[in-house]
Amino acid sequence: MDPASKKEVAVEVFPYLREYKDGTVERTAGTLVVPAGFDPQAGVESKDIVIIPETGVSARLYRRRNLPTANKSENKLPLVLYFHGGAFCISSVADPLYHNSLNILVADANIIAVSVDYRRAPEHPLPAAYEDAWAALQWVASQVDDRRHDGHEPWLKDQVDFGKVFLVGDSAGASMAHHVALRATGNVVKLLGIILINPYFWGEKAIGSEITDPVRKAMVDNWWRYVCPSKKGGDDPLINPFAEGSPSLSNLACHKILVTVAEKDILRDRGRLYYEKLVNSGWTGKAEIVETQGEDHVFHIFDPNCEKAKSLIKRLSSFINQSHL
């Protein structure tokens, strides 16, 4: 008999993981990994580097293969700093689903992408992931600093237009992108925009479809309470942008925002509420929202070859490549 089967389960976080009473954690989803390298179908190459030595946080960098040297600024490419989803406790930049999704986006949008492998709960409870996301933006800012003596990352130095930096995240990663944008006022890197894909925002009081779907509401409640040791539960400002103590959305340090939601997603109404609150917050940028009918949470990652996924990727690419505001 497998010794693990004899251990007593302390917490079950369905369908992601279980934690045993001896403190060990068994993840039941998001555990597959693929190496960085060349994807011949997308024509995109990737590599892994450590970006925050103090915490060991790494990132997977992506670019089209055989890019010409961008001697002129007009030939340089937008940079996407990407935060993957996974309820803050599973998955990684090496997850085949995310690796494939980034290859597709980079190929379609012709961008440089930095996908951040932030620390996960429960080994690193929140706000560790948020701090890693902020540190990742500081690392990007350090690449602009001509006073660096330890060299720059060549994929960024040679190819990136640092006037076109975007934060992009899906699910939990979208929440992280939101918080980084709130802190980025006065940062060396000026954010052009953020994309929140099926954002993971939440709250104690049910709204919209959460009211008629108490089972999924309770499931998401359970996820959040596990990864964030807070007495405020779903009304912690880390996950509820409108809870007491949350910064005003008018402070978002970017020029434009795209929010995407999916019709069947239990998180859909939180994304809609975010968009509605944002456009009435006094924030002076341009906000857009896109809803995909008939689909559920991050469907484009699970089924990237369906027509709706291809359409969504085109929409993300268009948003990134629109003229500088």
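Heads up: the structure comes first, above all this text.
Residues numbered from 1 in each chain as written. Predicted model: local features only at pLDDT ≥ 70, side-chain atom pairs only at ≥ 80, totals over all residues. Heavy atoms only, no water.

Applying the stated criterion to the full structure yields seven aromatic pairs. Geometrically, the ring pair formed by Y16 and W223 is tilted, given 4.9 Å between the ring centres and 45 degrees between the ring planes. Separated by 207 residues along the polypeptide, Y16 in the loop between β1 (9-13) and β2 (17-20) and W223 in helix α7 (residues 214-227) bring together distant segments of the chain. On the basis of relative accessibility, which here comes to 15%, the residue Y16 falls in the buried class. Since its relative accessible area comes to 13%, W223 is described here as buried. A centroid spacing of 4.8 Å and a plane angle of 15 degrees characterise the contact between F201 and Y274, whose relative ring orientation is stacked. (Phe/Tyr/Trp six-rings, centres within 6.5 Å; stacked < 30°, edge-to-face > 60°. Helix = DSSP H or I, 4+ residues; strand = E, 2+ residues; numbered from the N terminus. Buried < 20%, exposed > 50% of the residue type's maximum accessible area, 1.4 Å probe, protein only.)

Below, the discussion takes up the layout of surface pockets. Taken as a whole, the largest pocket holds about 520 Å³ of empty space. Lining the largest pocket are 28 residues, and of these Y16, I90, H297, V298 and F302 sit closest to its centre. Estimated volume of the second largest pocket: approximately 290 Å³. If you go around the second largest pocket, you meet 13 residues; those closest to its centre are Q41, I104, P304, N305 and K310. Taken together, the elements giving at least two residues each to the lining of the second largest pocket come down to α2 (96-109) and α10 (307-321). (1 Å grid on protein atoms, 1.4 Å probe; cavity = no way out; pocket = protein on both sides within 12 Å on 5 of 7 lines; lining within 4 Å. Points joined across faces, edges and corners; volume = space filled by probe spheres on them.)

Below, the discussion takes up empty space enclosed by the protein. Tallied over the full model, the rule gives two cavities of 30 Å³ or more. Space inside the largest cavity adds up to approximately 50 Å³. Around the largest cavity, the lining residues are Y82, S101, L102, L105, I197, H300, I313 and L316. Residue assignment for the lining of the largest cavity shows that the elements contributing at least two residues are α2 and α10. For the lining of the largest cavity, the element with the most residues is α2, which contributes three residues. Looking at the second largest cavity, its volume works out to about 30 Å³. Lining the second largest cavity are S101, I104, H300, P304, A309 and I313. Here the lining of the second largest cavity is composed, by residue class, of four nonpolar, two polar and no charged. (Nonpolar A, V, L, I, M, F, W, Y, C, P; charged D, E, K, R; others polar.)

A few words on the sheet that holds strand β6 (residues 57-64). Taken together, nine strands build an open sheet; the order of strands is β4-β5-β6-β8-β7-β9-β10-β11-β12 and the sheet is mixed. What marks the edges here is a single partner per strand, and that holds for β4 (38-39) and β12 (286-292). Looking at chain direction, strand β7 (residues 77-83) and strand β9 (residues 160-170) are connected through six bridges and run parallel. Counterpart to L81 in the pairing with β9 is L167. Strands in contact with helix α3 (residues 128-142) are β5 (44-52), β6, β7, β8 (112-117), β9 and β10 (191-197); relative to β5, the strand with the most contacts, it is inclined by about 105 degrees. Those strands touched by α10 are β7, β9, β10, β11 (254-262) and β12, and its axis lies near 175 degrees from that of β11. (Pairing = 2+ DSSP bridges. Contact = heavy atoms within 4.5 Å. Axes fitted to C-alpha atoms, helices over the stretch in contact; angles between N-to-C directions.)

Take T292: it is sitting in strand β12. Exposure remark for T292: the relative accessible area of 11% places this residue in the buried category.

A few words on the pairing of β11. For β11, the tally of buried residues reaches eight of nine residues, placing the bulk of the element in the interior. Looking at chain direction, β10 and β11 are connected through six bridges and run parallel. The residue of β11 that forms the bridge with I195 is L258. Each parallel crossover has a hand, and the one from β11 via helix α8 (residues 268-279) to β12 is right-handed. (Right-handed = clockwise from strand over helix to strand, strands pointing away.)

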